Every structure is written in C-alpha cells, then in structure tokens.
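Structural features, examined
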Amino acid sequence: MRLFTRSRVLGGLVAAGALSVAVAGQQPAQRATLPTSLEKVKDNLYIIGKSSPVDRSQFTGGNVGVFVTDGGVVVVDTKLAGYGPGIIELVKTVTNKPITTIINTHTHGDHTGSNEGFPANVEIVAHENTKTNMMKMDAFKGEKAQFLPKKTYKDKLTLGTGKDRVDLYYFGAGHTNGDTFIVYPALRVLQAGDMFAWKDAPLYDRNNGGSGVEHPKSFAKLVATIKDVDTVIPGHSPVTTFKDLEEYGRYTADLLAATEVAMKAGKSADDAAASIDLSAKYPGYKNERVKAAVAAIYDELAKK
Ligand SMILES: [Zn+2]
C-alpha cells in the first residue's frame, strides 16, 4: 500500500474511528454545523466543541480553544476543513479584536483542517515535529504551504505576558511525536490536545511518530513540571479537571504495562487486547479503542 494511502487511512481513523476514507481529504458534502455559541471555560477563555467523533453526523473536529487577549485572539486548533469562517464568526460574538495567532496542537486534519480559512497574516505556531508532519499532508502542499506553522519550538515557548501569557510545552511523544500542551497560567487551565483526547485508549499514530511507550513518560514530565493548573481541555471530550489528566497518565502506563505482560506471555495482539480490561480500575472509561492501541504498542515493541 502506498504511504500516501496509508496516511489517509490513518487520518480517517483519527477523525472518526471508522470514517469512510474518501471523506478524509475533501470537504464533506454535508458538514456538521458548529455550535451556535462559544462555551466559556473561564473569563476570557472559551472552547468550540462538537468535538466527539462518536456521532459522525455531529463531528466538526477537535475542541478549539479561543483565548481573548489585549493584543488579539489566540485560536488553538482549527477543526476539520471548511470551518474557518464559522470559527471567525463565533469569535466575533465575544470580541471585536482580530485573530492574531493559531496554535496547532498536532498535525491531524481534525485539528489543522481549517488553517486555510484564516487570513494569511495570522501567525501559525506548532511544535517543530508537527510542522514536519504537516508538510507531508496534501492539505499543506503547493499554495497551501502558506498555512503551515511559521513559528516552531523544541521544548517550551511562551507567547504574550502577564494575564495574556500562553505557555507551549513539548514533553515527548505520545499521540504523535509533536503534541503541544498549552497552559494559560493566569487562568490555571491546560489544553491537552489529543495527548488526552477522551477516556478510552489513546490513538497512537505510528506514521507520525506516535508512541505508546513514550506516552506515560511524557505525562510524568508534565506532572513534574506543571503545578498550577486545575482545569483541563481535552482533545475530543468535555472540559475536566487536572486530576482527570493525571489519572489518564496512569491509565496510559497501566495500558502499556498490561500490553508488555501479554506480549511476554506470547499472546497475539488481538488476544492481548481482548484480555486487557482496565475499566474496573478506571470507572467511566471505554474499551472501544483498546484494540488499536494495543496493536500499535505491539508494533512499536516488535521494532525495538
Ligand atoms: Zn489527533
């Protein structure tokens, strides 16, 4: 299978779980509508939801953060293609300040798809590996290369000052090899992207450097570094607590440990996945994505 096709398939999985591949690269004929209003997280920080991929008919892409600062608006992630004008309209309902900055938490099309829907003078920021990954996407080739990130960083980047400060952190691989955690220090809020997308097994995008082995380590670094956050915006589920994010870090470590045990016992990836059920220890967690995550970890461990 050509690499091109494979990455398309993966993009579809990312967005949907079982999305028809044909839709992934083009404007869906019937696009779900955005929420009719912004959802306030705290003070001058909002999100645009309808981000759960479970109901395809309502899915618009990952949670978008909207942070209104004195100097302009920072938009974190841009959903699937075609939502730029809608996001801009929603921002106008809370401020007349211009959108000055887009941060892409990672490469996937449900987080970068509408970059092209914003004015060309908006500064686009991402981790350096995410820029590299985005350069491989059809959506950013040719003319559209102008919507790639221009500002990148390696470990940490701070934008703005005082109450308008935004800190971008890279703690290592997980969902991909370029996921940014965004901290709004004045509000004690962290936006996690798909490093913490939902309460189910993570999606490990091996083609973009995703790693189930590194994911728990990345969370350990986060927990050791980030001290003053109480509220978390996940990638594809409702706003929650920092405690929930810490719990998710432990979940990824337990998932990895259980997978390693099964592999050492000689189980196939499918048998391993069938035998792993962490839902008793993690109430409210689903098992719908365990099979794919275990297969990705098997693939990774086999290559070590
Ligand atoms: Zn993703």
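Nothing here was measured: the structure is a model prediction, and the numbers come from that model.

Focus on the coordination of the zinc ion
Donor atoms from the polypeptide that bind the zinc ion are His106 (NE2), His108 (ND1), His175 (NE2) and Asp194 (OD), placed at 2.1 to 2.4 Å. Between consecutive donors of the zinc ion, the numbers of intervening residues give the motif H-x1-H-x66-H-x18-D. Here His108, found in the loop between strand S5 (99-103) and helix H4 (109-112), pairs with His175, found in the loop between strand S9 (166-169) and strand S10 (181-184); they are 67 residues apart in sequence, far enough to count as distant. You'll find His108 and His175 in the same group, each marked buried.

Re the pattern of salt bridges
Going through the model one piece at a time under the given rule, you end up with 15 salt bridges. Asp167 serves as the salt-bridge partner of Arg165, at 2.7 Å between the closest nitrogen and oxygen. A relative accessible area of 1% means that Asp167 is categorised as buried. A salt bridge links Lys281 to Asp254, with the shortest nitrogen-to-oxygen separation between them at 2.6 Å. Here Lys281, found in the loop between helix H8 (269-275) and helix H9 (290-302), pairs with Asp254, found in helix H7 (residues 242-264); they are 27 residues apart in sequence, far enough to count as distant. Owing to a relative accessible area of 22%, Asp254 belongs among the partly exposed residues under this scheme. Each of the salt bridges in this network shares a partner with another, and the network as a whole consists of Lys42, Arg188 and Asp230.

Observations concerning the sheet that holds S10
Strand order in the open sheet formed by 6 strands is S8-S9-S10-S11-S12-S13, and the pairing between neighbours is mixed. Two strands lie at the open edges of the sheet, namely strand S8 (156-159) and strand S13 (240-241), each paired on one side alone. Sheet topology places S10 next to strand S11 (residues 189-193); 3 bridges connect them, and they run antiparallel. Looking at the pairing, Ile182 lines up with Gln191 of S11.

Concerning the nonpolar core
Core analysis: the biggest nonpolar cluster contains 39 residues, and Phe181, Leu190, Ile226, Leu245, Tyr251 and Leu255 have the highest contact counts within it. Those elements that provide at least two residues to this core are S10, S11, helix H6 (215-225), H7, H8 and H9. Leaving out residues up to four positions away in the same chain, Ile226 has contacts with Tyr169, Phe171, Val183, Leu190 and Phe242. Residues Leu34, Val66, Val68 and Ile124 belong to the second largest nonpolar core, which totals 25 residues.

Conventions used here
Residues numbered from 1 in each chain as written. Predicted model: local features only at pLDDT ≥ 70, side-chain atom pairs only at ≥ 80, totals over all residues. Heavy atoms only, no water. Donors = N, O, S within 2.8 Å, 3.2 Å for Na, K, Ca; no water. Helix = DSSP H or I, 4+ residues; strand = E, 2+ residues; numbered from the N terminus. Buried < 20%, exposed > 50% of the residue type's maximum accessible area, 1.4 Å probe, protein only. Salt bridge = Lys/Arg side-chain N within 4 Å of Asp/Glu carboxyl O. Pairing = 2+ DSSP bridges. Core = buried A, V, L, I, M, F, W, Y, C linked by side-chain atoms within 4.5 Å. Contact = heavy atoms within 4.5 Å.

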